[in-house]
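What follows is each chain in one-letter form.
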Amino acid sequence: MIFVPYVATRRTQVHYEVDGQGPGLVLVHGTGGDAEKVFGNVVGDFSRDRTVVRPNFSGSGETADDGSDLTVELIADQVVAATRDAVPGPVDLLGFSLGAVAAAAAAATEPGLVRRLVLVGGWAHSTGPRDGFYFETWRKLLDTDRELFKRFSALTGFSAATLDRFGHEGLAQSLADAWPPPGIGRQIDLGARVDIRDLLPRITAPTLVVGLGGDNMIPMEGSRQLAAAIPGARLVELDGEGHMDWFADPTGLVELTRDFLDAD
């Protein structure tokens, strides 16, 4: 029998993955992702000397809830609950995209739990016209035409250079993939409501903000806002990188993250 770890919090059953041994490192996926789809290609880079915890927040993986609207507070609590259930703290915490929002909220509300914080392709709020327009378009495509939704997600999620490297066959295979998961609509709706600006000044952990310079899904300005609001945060911009380019080649992000986490 294979043991599948779960932890209960706020009327949810949070599913998470654990690999390796050593100090805790928690990796939080973004919208439409899950523990394996987003971080399966980097677990081995960290698990040789760390306990890597990968929670699935509501709408992803085998995490179960009542299907109600998501909130930043809920997904942050799910990250905290999985972390505490899996490994002694304090831990290092890395969040990507909507996972960066959850990670930032967790670090702000549970400062004793987080040693160092890495926020990749994140943002502080969705109140601007462009962000509202993007999330509204994304949701309308999901509701009306799944193939167009997948095409739009690829075109805005990856840089042009990465899409060309996929080639015609690779892009065709992406359309045949079973993605997106059933819970993605709730996650998109949450993305449209994000506003954590009041939490960011409360973060005390040393923070690395990684902005993706070619990101058409969550523009670089979102990372600038995070770095400006978090005391002492360091901002690194990866020129030309699309939102999900690192899925295809995570080498640069892994090196940047390890250097930051291993620094004295």
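So, here is what we can say about the structure in this document. (Residues numbered from 1 in each chain as written. Predicted model: local features only at pLDDT ≥ 70, side-chain atom pairs only at ≥ 80, totals over all residues. Heavy atoms only, no water.)

Time to look at the packing of aromatic side chains. Enumeration according to the criterion identifies 12 aromatic pairs in this entry. Centroid distance Phe96 to Trp246: 5.2 Å. Interplanar angle 80°. Geometry classified as edge-to-face. Here Phe96 is found in strand E5 (residues 91-96), whereas its partner Trp246 is found in helix H10 (residues 245-248), with 150 residues between them in sequence. Taking the relative accessible area as the measure of exposure, Phe96 reaches 3% and is therefore buried. A connected cluster of aromatic rings, assembled from ring pairs, spans Trp123, Tyr134, Phe135, Trp138, Phe149, Phe152 and Trp179. The ring of Phe260 has Arg116 sitting right over it, with the charged end atom 4.9 Å from the ring centre. (Phe/Tyr/Trp six-rings, centres within 6.5 Å; stacked < 30°, edge-to-face > 60°. Helix = DSSP H or I, 4+ residues; strand = E, 2+ residues; numbered from the N terminus. Buried < 20%, exposed > 50% of the residue type's maximum accessible area, 1.4 Å probe, protein only. Lys NZ or Arg CZ within 6 Å of the ring centre and 35° of its normal.)

At 3.6 residues per turn, the α-helix brings residues three or four places apart onto the same side. For helix H8 (residues 184-193), the complete set of buried residues consists of Ile184, Gly185, Gln187, Ile188, Leu190 and Gly191. The inward-facing, buried residues of H8 abut helix H3 (72-86), helix H4 (98-109), helix H5 (129-144) and helix H6 (146-157). (Contact = heavy atoms within 4.5 Å.)

A word on the sheet that holds strand E6 (residues 114-120). A sheet is described by the order of its strands in space; here 8 strands give the open sequence E1-E2-E4-E3-E5-E6-E7-E8, paired in mixed fashion. Among the strands making up the open sheet, the edge pair consists of strand E1 (6-9) and strand E8 (234-238). With direction set aside, neighbouring strand axes in the sheet form an average angle of 20°. Of the strands in this sheet, E1, strand E2 (12-19), strand E3 (24-28), strand E4 (51-55) and E5 are in contact with H3, which crosses E2 at around 50°. Contacts from helix H11 (residues 251-262) reach E3, E5, E6, strand E7 (207-212) and E8 within the one sheet, and its direction differs from that of E6 by about 155°. (Pairing = 2+ DSSP bridges. Axes fitted to C-alpha atoms, helices over the stretch in contact; angles between N-to-C directions.)

Tracing the backbone shows Asn56 in the loop between E4 and H3. The class of Asn56 is buried, set by a relative accessible area of 2%. Those residues in contact with Asn56, other than ones at most four positions away along the chain, are Val14, His15, His29, Asp34, Ala35, Gly61, Glu62 and Thr63.

Right, let's get into the pairing of E8. The pairing of E7 with E8 spans 5 bridges and is classified as parallel. Bridge assignment links Gly211 to a residue of E8, and that residue is Glu237. For the crossover from E7 across helix H9 (residues 220-229) to E8, the handedness is right-handed. (Right-handed = clockwise from strand over helix to strand, strands pointing away.)

To characterise two packed helices, one gives the angle between the axes of the helices and the distance between these axes. Between H6 and helix H7 (residues 160-176), the shortest axis-to-axis distance is 11 Å and the interhelical angle comes to 155°. Between H6 and H7, the angle falls in the class roughly antiparallel. Crossing geometry of H6 relative to H7 is assigned as right-handed. Contacts between H6 and H7 involve Glu147, Lys150, Arg151, Ala154 and Leu155 from the first element and Leu163, Ser174, Leu175 and Ala176 from the second. (Parallel < 35°, antiparallel > 145°, perpendicular 65-115°, else oblique. Left-handed = near helix turned anticlockwise from the far one by under 90°.)

Another aspect to go through is the pattern of salt bridges. Using the criterion set out here, one finds 18 salt bridges in the structure. Between Asp77 and Arg10 there is a salt bridge, with its nearest N and O atoms 2.8 Å apart. Placement of the pair is Asp77 in helix H3 and Arg10 in the loop between E1 and E2, with a sequence separation of 67 residues. Looking at Asp77, the relative accessible area reads 29%, which means it is partly exposed. Between Arg84 and Glu110 there is a salt bridge, with the nearest N and O atoms lying 2.8 Å from each other. Here the residue Arg84 occupies a position in helix H3, and Glu110 occupies one in the loop between H4 and E6, the gap between them amounting to 26 residues. Counted as one network, the salt bridges with shared partners bring together Asp49, Arg50, Asp92, Arg115, Arg258 and Asp262. (Salt bridge = Lys/Arg side-chain N within 4 Å of Asp/Glu carboxyl O.)

Moving on, we come to the packing of H5 against H6. As a packed pair, H5 and H6 sit with axes 6 Å apart at the nearest point and diverge in direction by 145°. In this structure, H5 crosses over H6, and the sense of that crossing is left-handed. From H5, Tyr134, Thr137, Trp138, Leu141, Leu142 and Thr144 reach across to H6, where they touch Arg146, Leu148, Phe149, Phe152, Ser153 and Thr156. Broken down by class, the residue content of the contact of H5 with H6 amounts to 7 nonpolar, 4 polar and 1 charged. (Nonpolar A, V, L, I, M, F, W, Y, C, P; charged D, E, K, R; others polar.)

Let's shift gears to unusual backbone geometry. Across the chain, the bulk of peptide bonds are trans and the bulk of non-glycine residues have phi less than zero. The peptide bond linking Gly89 to Pro90 adopts the cis configuration, its omega dihedral lying at -5°. For Pro90, the location among the structural elements is in the loop between H3 and E5. Cis geometry marks the peptide bond from Trp179 to Pro180, where omega comes out at 10°. Structurally, Pro180 is set in the loop between H7 and H8.

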